[in-house]
Amino acid sequence: MKKMLLKHAFYIIAMLFSTAMLAQVTVTGVVSDQMGPLPGVNVLEKGTQNGTVTGFDGDFTLEVAEDATLVFSYVGFKTQEVAVDGQTTINVTLVEDAAKLDEVVVIGYGTTTVKDATGSVSSVASEDFNGGVISSPEQLIQGKTAGVQISVASGEPGAAANIRIRGSNSIRSNNNPLFVVDGIPLSDQGTVPATGGIIDGGSTPRNPLSFINPNDIESISILKDASATAIYGSRGANGVVIVTTKSGKAAKGGVFTFSSNLSVSSPANDFDLFDAEAYKTNILDVTGSPVPNVDDTGANTDWQDVITRTTFSSENNLTYSRAYTDGNLRASFSYTDQQGVLEESSQERIVGRLNLRHRFFDDKLKLQIQSSIARVNDESPFIGAQAGASGNIIGSAYSAPPTWPNDPDFFVEGNRLNPANILAYYDSNTKTNRLLLNGSLEYEINSNFSAKLNLGYDNSDAEAESLATADFNNNPGVSGEGRASFNTLEATSKLLEATVNYKKDFDNSNLDIIIGYSFQDFRRKGLNSQGWGLGFNANLSNSVGALQSRIRGTYQQFGYDSDGSFLNRLFPFDDTDELPFFVQPFESLVVDTFDNTDELQSFFGRANYSLNDKFLFTATVRADGSSRFGSDYQYGIFPSGAFAWKLSEEDFIGDNVSTLKLRLSSGVTGNQAGLGYAQFLKRQRFAAPGIGDDGNVNRPGLATVAVQNEELKWESTLDMNLGIDFGWNFDRIRGSFDVYRKETSDLLFRQAAAAPAFDPFVFRNLQDGKVINQGIELNLGYDFIATEDSNFSVDFNIAYNDNTVEGLNGTTAEFGALNGPGLTNAFVQRLGEGRSLFSYYLAEYSEDENGEPNFSPDDKKFVDKDGLPDITTGLSLNYTLGNFDASAFFTGQFGFYVYNNTANAFLNRTTFATNRNATPEALTRQSQEISTLYLEKGDFVRLQNLSLGYNFTLNENSTLDSLRISVNGQNLFLITGYSGLDPEVSSNTGDGGTGIPSASIDYTSFPRPRTITLGLNAKF
């Protein structure tokens, strides 16, 4: 009986086995997305380890059971399952999973997801960027996230931007966050030399990020609290902005993309200046005398119209992307020509980029290269905000009598400038070459351990040339002789980083640990030169180069005038040498050189622990050592910790709650920005040489540039954050709420030494000084419509921040410089105990019963107003219907005041009486004295961006994969009570030697344009 049973069992098993063998089928097919074949897709027989990966053309072949189910998965796409049911050919089209794409957030030395982040982190993806004419990456995310205030200083192409993440933490540093581009932390210092200051005012600051092509950016992450920023230690106090560029990961078989934008811009606002007839009538009424004969030429010139223009700008991008089985690449070329709405202003940008990723040895070794090379050419008119009594080209356009002719050779003796003369005889250009390279090798040692080596190189080589010819009128140091400047700056940074990563999944938890070492140096070298008395075919850069080639040995500076020459050397010291014989086209010339290097060495670590996918813990520490401090205080330790509880994973939370997470974090970050090179050491250099108005050059002697202070140390910021993330119905309703407090201590401060001290100043830490920022942030989003053919979503953010300075113990500083006629050495802001940074300190304006000024300009006091917005907000509206899409973006700032330096200098009754033009409103301003008469509320709401787009439906035989057209408007309207052109300004009027930057002071700001852009995007 047993034998019979065994025999029947054997037959049954054999039959099942042979049936299974007969049921195997070979399946072939192609996996695509809406753009075409998709390589690198995982194809797996469900419930087994049997699988493959699609090839270059998205094709696959796999032998599976006849009744098997195939699972197709790829990062960024929804996983799809298809039953075989005996089929031998299965073609699949994957659909992008927008939710999964949006979840990924790039953080320091890694990535996470929004749901797993323990710190306060925001990410803006490329599809949510602001559109139109974009000069630098900051503008892409302006107003897109709560607590991040981004203000472009003016409407000038390539103008610097001020970025504040949760307020201003430091008294004298620029308070901008650390920028990390593809893993390379960028220097906090500028990369473009000043254009010389051959006329009062010099140049306006340039944006060091202009070299980045906005079209190359995949996402921008903003790290706000210490839990997120402490991994960057000494450079994380002001927040961190991480820029990640695009790769070729989603491009199959090679995809070309071409985009082209054509923009038209014009000044959004101007002043209602008097025309010739009204000017003559009001001059007679105000002064009792007619317009002087020398001014009244019979002309009727609109000087604003002379210096401004309607311009056309263009941007063209060509990109090639390709993904293959073992990697991907993306190459791009971009050309941008942005013309400013002021004459003689523009920025030309040429950028090439190559990003490459490749995997070796069964994906054990990963190579990644990200590289870009850029050329940026800036053209600037004479618009420096530190111009003196005569003003700059903008001030001259406001004040020049309309009775003057539009003739560059017309002039009247005195200090009034002819705008046409400035346009014709002043020229300023900057050329910057930028190379950014990043290469990394990552090796997977085993399933838990991996190691990574990252090398970075950043080089910026810039030249700035300015020239005012002898025909430039009413400037004693230029007129009749001419003056030129030639300045260079080469800024180089080299980065070495090594990290080891450990990841381990346990039954109900996982652990992720990274430890690393970083070394980065920053070298800055260059020269500043001026030439006076232009001879035939004078070229300052050629003259400087010719003289340098004749000098042997090291030197700091040299120069000459009609009385002789000098050559000063520091190593070895020699202040008696002279230049060799030469023949030069300049009557006088001076050159001063510099070469400094700072170093930063760091050790860091971070541990992330997740328990039951509910409880998340993060601990971070970084030790930074900086060459900017003495040996006793060279290293700073910056720790942080964070905890998050994913309440949405708890059983007691309803199923309709898709996200509910509580976050708590605290930590310390540091800051050394604004300190500069070796300020802890007693150092002397030869003073900067200069050329007098008469061309004379005095040989400089030694001057103190840094004072000994071995106890100088880091600023440190203690940051505490409590937040909650929430969402309902698969995050159709979503948002976050944060409460924070940041306290910065050991404030770095440059203080003038009390007489009769030999040293002019000293850098020190304010022992009890603190800057406190505390506030709340709210982000809200709702998808009102979410159907297959139509979507409408609204995203809103608002933030409140309170800024206070405490513990000054009598220390004070005066800053917020004013410029213009009658305002020499004037200021309106002061450092005060218990008050906000950039608090206004000036006289209260009042009038008597007859409307006459009735106050003392010397009776200055704090007026309980400041230049920092209390509230910032942004509103985004997005709508799609079939192939159409539309979006609108509004931004606003509230609770701050602007000092109208422009009106104080030019647009008032007193200045008008000196035969300068004005507006009807200006004649109501009875006093030119510094007072609250010129202090105005800056609150505004702006329609920053409005766009419409259409995606064409193409047939299968089309040579194009996709085609899109769009129209975009920027700065379409502004709602404000401010009487100037725009309250969102920050003119660099000077710091009075304190090193404290100015804020919310409006002095002849470059007009902000209104821009309409037509765009075309095609893939093939």
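Bear in mind the structure is a predicted one, so any value in this text is a computation, not a measurement.

Trainee: Would you explain the overall build of the protein chain in this entry?
Mentor: Along the backbone of the protein chain there are ten helices and 51 strands. Taken against the 2.2 N^0.38 rule, which gives 31 Å for 1020 residues, the C-alpha radius of gyration of the protein chain at 32 Å falls within 12% of a compact globule. Across the 1020 residues that make up the protein chain, the buried fraction comes to 53%. In the protein chain, 71% of the contacts between residues at least 6 apart in sequence involve partners at least 24 apart. For the protein chain, the accessible area works out to roughly 43,200 Å², and carbon and sulfur atoms hold 54% of it. Mean positive and mean negative side-chain charge positions of the protein chain (75 and 122 charges, respectively) differ by 7 Å.

Trainee: Please clarify how a negative patch on the surface should be interpreted in this entry.
Mentor: A cluster of acidic residues, Asp 270, Asp 272, Asp 275, Glu 277, Asp 302 and Asp 305, forms a negative patch at the surface. Mapped onto the fold, Asp 302 is located in the loop between helix 4 (276–287) and helix 5 (303–307). A residue is classified by how much of its surface remains accessible, and Asp 302, at 46% relative accessible area, is partly exposed.

Trainee: Sorry, what's going on with the pairing of strand 24 (residues 449–468) here?
Mentor: In regular strands, side chains alternate between the two faces of the sheet. Summarising the sheet, strand 23 (residues 426–444) and strand 24 pair through 19 bridges and their orientation is antiparallel. Bridge assignment links Tyr 443 to a residue of strand 24, and that residue is Ala 451. Relative to strand 25 (residues 483–505), strand 24 runs antiparallel, the two sharing 20 bridges. Directly across from Leu 455, in strand 25, lies its bridge partner Leu 496.

Trainee: Please clarify how the pattern of salt bridges should be interpreted in this entry.
Mentor: Note on pairing: side chains with opposite charge can pair once their charged atoms come close. Taken as a whole and assessed by the stated rule, the structure comprises 36 salt bridges. Taking the shortest distance from any N to any O, the salt bridge between Arg 741 and Glu 743 comes out at 2.9 Å. A salt bridge links Arg 835 to Asp 864; the shortest N-O distance between them is 2.8 Å. Of this pair, Arg 835 sits in the loop between strand 41 (827–830) and strand 42 (839–843) while Asp 864 sits in strand 43 (residues 860–866), placing them 29 residues apart in sequence. Arg 835 gets classed as partly exposed once you look at its relative accessible area, which sits at 26%. The structure contains a network of salt bridges with shared partners spanning Arg 166, Lys 224, Lys 661, Arg 663, Asp 725, Asp 738 and Glu 777.

Trainee: What is the right way to look at the pairing of strand 33 (residues 657–671) in this model?
Mentor: Two strands pair when backbone bridges link them, and strand 32 (residues 635–646) and strand 33 are joined in this way by seven bridges, in the antiparallel orientation. Each bridged residue has a counterpart across the sheet, and for Ala 642 the counterpart in strand 33 is Ser 665.

Trainee: Explain the sheet that holds strand 42 here, please?
Mentor: Remark on secondary structure: sheet strands pair via backbone hydrogen bonds, oriented parallel or antiparallel. Here four strands make up an open sheet; going across it, the order is 40-41-42-43 and the pairing antiparallel. Two strands lie at the open edges of the sheet, namely strand 40 (814–817) and strand 43, each paired on one side alone. Here the average twist between neighbouring strands, direction ignored, is 45 degrees. Of the strand pairs in this sheet, strand 40 and strand 41 are connected by three bridges, and their pairing is antiparallel. Counterpart to Phe 815 in the pairing with strand 41 is Gln 829.

Trainee: It is not clear to me how the sheet that holds strand 46 (residues 897–900) should be interpreted in this structure. Could you clarify?
Mentor: The sheet built from three strands is open, its strands ordered 47-46-50 with mixed pairing. The open sheet has two free edges, formed respectively by strand 47 (935–937) and strand 50 (1001–1002), since each of these has just one partner strand. In this sheet, strand 50 lies alongside strand 46 in parallel orientation, the contact comprising two bridges. When the bridges of strand 50 are listed, Asn 900 appears paired with Asp 1002.

Trainee: For this particular structure, what's the right way to read helix 8 (residues 540–550)?
Mentor: Every α-helical turn comprises 3.6 residues, leaving residues that sit three or four positions apart pointing alike. Those residues of helix 8 lying buried are Leu 540, Ser 541, Ser 543, Val 544 and Leu 547. One face of helix 8 carries all of its buried residues, which in axial projection span an arc of 160 degrees.

Trainee: Explain the side chain of Asn 721 here, please?
Mentor: Here Asn 721 is to be found in strand 36 (residues 715–728). Asn 721 sits in the buried class, given a relative accessible area of 2%. Reaching out from Asn 721, the side chain makes a polar contact with the side chain of Asp 738 at a distance of 2.9 Å. In contact with Asn 721, not counting residues within four places along its chain, are Ser 120, Arg 166, Asp 225, Arg 663, Leu 664, Ser 665, Asp 738, Val 739 and Tyr 740.

Trainee: Quick question: what am I supposed to make of helix 4 here?
Mentor: Its twelve residues place the ends of helix 4 16 Å apart at the C-alpha level, agreeing with the 16 Å of an ideal helix rising 1.5 Å per residue. Here helix 4 has its buried residues at Ala 276, Tyr 279, Asn 282 and Ile 283. What you see down the axis of helix 4 is that its buried residues fit within an arc of 130 degrees, all on one side. The outward face of helix 4, more than 90 degrees from its buried face, is lined by the exposed residues Glu 277, Thr 281 and Asp 285. Where helix 4 is buried, its residues contact helix 10 (909–912). Two residues or fewer after helix 4 comes Gly 288, characterised by a positive phi angle close to 80 degrees.

Trainee: Could you clarify how one ought to interpret unusual backbone geometry in this entry?
Mentor: Backbone phi values are negative for most residues with the exception of glycine, while trans is the configuration of most peptide bonds. In this structure, Pro 572 follows Phe 571 across a cis peptide bond, with omega equal to -5 degrees. In this structure, Pro 572 sits in the loop between strand 28 (564–569) and strand 29 (574–577). At Asp 731, a position not held by glycine, the phi torsion is positive, near 65 degrees. The residue Ser 1000 is not glycine, and still its phi comes out positive at about 60 degrees. Inspection of the secondary structure puts Ser 1000 in the loop between strand 49 (962–976) and strand 50.

Trainee: What should I look at first to understand the domain arrangement of the protein chain in this one?
Mentor: Size of an interface: often given as the accessible area lost when the parts come together. The domain boundaries assigned to the protein chain delineate domain 1 (20–93) and domain 2 (104–1019). Distance from the C-alpha centre of domain 1 to the C-alpha centre of domain 2: 50 Å.

Trainee: Even after reading the chapter, I still don't get the packing of aromatic side chains, so can you show me in this structure?
Mentor: How two aromatic rings sit relative to each other is given by the distance of their centres and the angle of their planes. In this structure the tally under the stated criterion is 33 aromatic pairs. Between the aromatic rings of Tyr 841 and Phe 862, the centroid separation amounts to 5.0 Å while the plane-to-plane angle is 65 degrees, which identifies the pairing as edge-to-face. Taken together, the residues Tyr 841 in strand 42 and Phe 862 in strand 43 connect sequence positions 21 residues apart. Overall, the relative accessible area of 16% leaves Tyr 841 in the buried class. Members of the aromatic cluster, joined through ring pairs, are Tyr 782, Phe 784, Phe 792 and Tyr 879. The lysine or arginine in question, Lys 860, covers the ring of Phe 827, its NZ or CZ lying 4.4 Å from the ring centre.

Parameters and conventions
Residues numbered from 1 in each chain as written. Predicted model: local features only at pLDDT ≥ 70, side-chain atom pairs only at ≥ 80, totals over all residues. Heavy atoms only, no water. Helix = DSSP H or I, 4+ residues; strand = E, 2+ residues; numbered from the N terminus. Rg over C-alpha atoms; globule rule 2.2 N^0.38 Å. Buried < 20%, exposed > 50% of the residue type's maximum accessible area, 1.4 Å probe, protein only. Contact = heavy atoms within 4.5 Å. Areas by Shrake-Rupley, 256 points an atom, 1.4 Å probe, with all protein chains shown as cover. Lys, Arg positive; Asp, Glu negative; His and termini not counted. Charge placed at Lys NZ, Arg CZ, Asp CG, Glu CD. Patch = residues over 30% accessible without salt bridge, like charges linked within 9 Å, V, L, I, M, F, W, Y side chains within 5 Å. Salt bridge = Lys/Arg side-chain N within 4 Å of Asp/Glu carboxyl O. Pairing = 2+ DSSP bridges. Axes fitted to C-alpha atoms, helices over the stretch in contact; angles between N-to-C directions. Arc of directions from axis to C-beta. Polar contact = N/O pair within 3.5 Å; in protein donor to acceptor, adjacent residues only side chain to side chain. Expected span 1.5 Å × (residues − 1). Domains from an automatic or database assignment. Phe/Tyr/Trp six-rings, centres within 6.5 Å; stacked < 30°, edge-to-face > 60°. Lys NZ or Arg CZ within 6 Å of the ring centre and 35° of its normal.

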